[in-house]
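Chain by chain, the residues run as shown.
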Amino acid sequence: MVSTTSHETAEGVMVVRPMRADARRNRDRLVAEARAAFAEYGADASLEDVARRAGVGIGTLYRHFPNRHALLSAVFADAVSDLLCRSRALLDDPQPCTALVAWLRAIITHASEYRGLSRALMSASHDDGSELARCSGPMREAGSTLLARAQRAGAVRSDVSIGDLLQLTNAIALAAEETPGDPDLADRLLTLTLRGLKT
């Protein structure tokens, strides 16, 4: 996949062109260092530190990623890709409700990789212009498909929405993050939630 950059002309026309090789290398280094920093310090890690570790100035970081959500979105892209693949594989599961639960568990597992990611995902869900919110579009579609299967099978109530389910999932991941001494908390909360979703 070729990396691109875009800018708007004075006439309001969006021009997209391939990213220069050095700019692409800078971007890749920033994402790699952000992934390491977020894993070590959480999603609130210093962006200045990320830029320093990548060997670039903070201005270069902001040229590629105008805010923290944009950088988190780039870091989270691999996890989103994994979760989308997992959702497609689960479409063949003969137990639609079990498939939905397995996918929600996978989301909680991925969210727990970076402290603070669940909180960022929850706040981004109210801001359609956020890069992080835009990357959740494919996740909503994937989750909607799994949820619809479970609803058609009569295993989940028809009034349950994927938006509510994803917010609940992020809230469970956040609760587990805030209670590190209880490794089974996420699973217990997810089980309780699903009891309330069943017909």
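Computed from a predicted model, the values in this text were never measured in an experiment.

1. Looking at helix α2 (residues 47–54)
Point 1. Among all positions of α2, only Leu-47, Asp-49, Val-50, Ala-51 and Ala-54 are buried.
Point 2. At its buried positions, α2 is contacted by α1 (21–41), α3 (58–64) and α4 (68–90).
Point 3. Regarding α2, its N-cap is Ser-46, as a side-chain oxygen of that residue lies 3.3 Å from the backbone nitrogen of Glu-48 further along.
Point 4. The positive-phi residue at the C-terminal boundary of α2 is Gly-55, with phi of around 80°.

2. Considerations on the nonpolar core
Point 1. Residues Phe-38, Leu-71, Leu-100, Trp-103, Leu-104, Val-156 and Leu-165 are the most contacted members of the largest nonpolar core, which totals 57 residues.
Point 2. Of all the elements in the fold, those that place two or more residues in this core are α1, α2, α4, α5 (96–111), α6 (117–124), α7 (131–152), α8 (162–178) and α9 (185–197).
Point 3. The element that contributes the greatest number of residues to this core is α4, accounting for eleven residues.
Point 4. Setting aside its immediate chain neighbours within four residues, Phe-38 contacts Ala-43, Ala-45, Arg-68, Leu-71, Leu-72, Val-75, Tyr-114 and Arg-115.

3. Focus: the environment of Arg-140
Point 1. Its place among the elements puts Arg-140 in helix α7.
Point 2. Spatially, the C-alpha atom of Arg-140 lies 7.2 Å from that of Gly-163, the residues being 23 residues apart in sequence.
Point 3. Contact partners of Arg-140, with chain neighbours within four places excluded, come to Ile-162, Gly-163 and Leu-166.

4. Topic: the side chain of Thr-193
Point 1. Relative to the helices and strands, Thr-193 resides in helix α9.
Point 2. Here Thr-193 is in contact with Leu-168 and Ile-172, once residues within four sequence places are set aside.

5. Points about the packing of α1 against α4
Point 1. It is at 9 Å that the axes of α1 and α4 come closest, and there the two elements cross at 85°. If you check the angle between α1 and α4, you find them roughly perpendicular. For the pair formed by α1 and α4, the contact residues are Arg-27, Leu-30, Val-31, Ala-34, Arg-35 and Phe-38 on the first element and Arg-68, Leu-71, Leu-72, Ala-74, Val-75 and Asp-78 on the second.
Point 2. Of the residues in the contact of α1 with α4, the class split is eight nonpolar, no polar and four charged.

6. A word on the side chain of Asn-170
Point 1. Here Asn-170 lies in helix α8.
Point 2. Using a relative accessible area of 8% as the deciding quantity, one classes Asn-170 as buried.
Point 3. Setting aside chain neighbours within four positions, we find Asn-170 in contact with Ser-118, Leu-121 and Met-122.

7. Observations regarding the packing of α5 against α9
Point 1. Packing of α5 against α9 leaves a shortest axis separation of 11 Å and a crossing angle of 145°. The two elements α5 and α9 meet at a crossing, and its hand is right-handed. Counting all contacts with α5, which are made through Val-101, Leu-104, Arg-105 and Ile-108, the residues of α9 involved are Ala-186, Asp-187, Leu-190, Thr-191 and Leu-194.
Point 2. By residue class, the composition of the contact of α5 with α9 is six nonpolar, one polar and two charged.

Rules used throughout
In this convention, every chain numbers its residues from 1, walking through the sequence in written order. Totals for whole chains, interfaces and linings use every residue, but because this is a predicted model, local features are given only for residues with pLDDT of at least 70 and side-chain atom pairs only at 80 or more, for both listing and counting. No hydrogens and no water enter the side-chain calculation; it runs on all heavy atoms of the structure. Only protein chains enter the accessibility calculation, which uses a 1.4 Å probe; a residue is then buried when its area is under 20% of its type maximum, exposed when over 50%, and partly exposed in between. Only DSSP runs of H or I covering at least 4 residues are called helices, and only runs of E covering at least 2 are called strands; the numbering of each starts at the N terminus. Contacts are assigned to residue pairs with any non-hydrogen atoms lying within 4.5 Å of each other. Pairs of N or O atoms within 3.5 Å make up the polar contacts considered here, provided that, within protein, one atom can donate a hydrogen while the other can accept it, and that residues adjacent in sequence are counted only when both atoms are side-chain atoms. Residues enter a nonpolar core if they are buried and are Ala, Val, Leu, Ile, Met, Phe, Trp, Tyr or Cys, with the set joined through side-chain atoms within 4.5 Å. Axis definition: a line fit to C-alpha positions, over the contact stretch in the case of helices; interaxial angles, taken between N-to-C directions, run 0 to 180 degrees. Should an angle fall under 35 degrees it is taken as roughly parallel, and over 145 as roughly antiparallel, whereas 65 to 115 is taken as roughly perpendicular and any remaining angle as oblique. Under the scheme applied, nonpolar residues are Ala, Val, Leu, Ile, Met, Phe, Trp, Tyr, Cys and Pro; charged residues are Asp, Glu, Lys and Arg; polar residues are all the others, including Gly. Should the near helix be turned counterclockwise from the far one by less than a right angle, the crossing is left-handed, whereas a clockwise turn marks it as right-handed.

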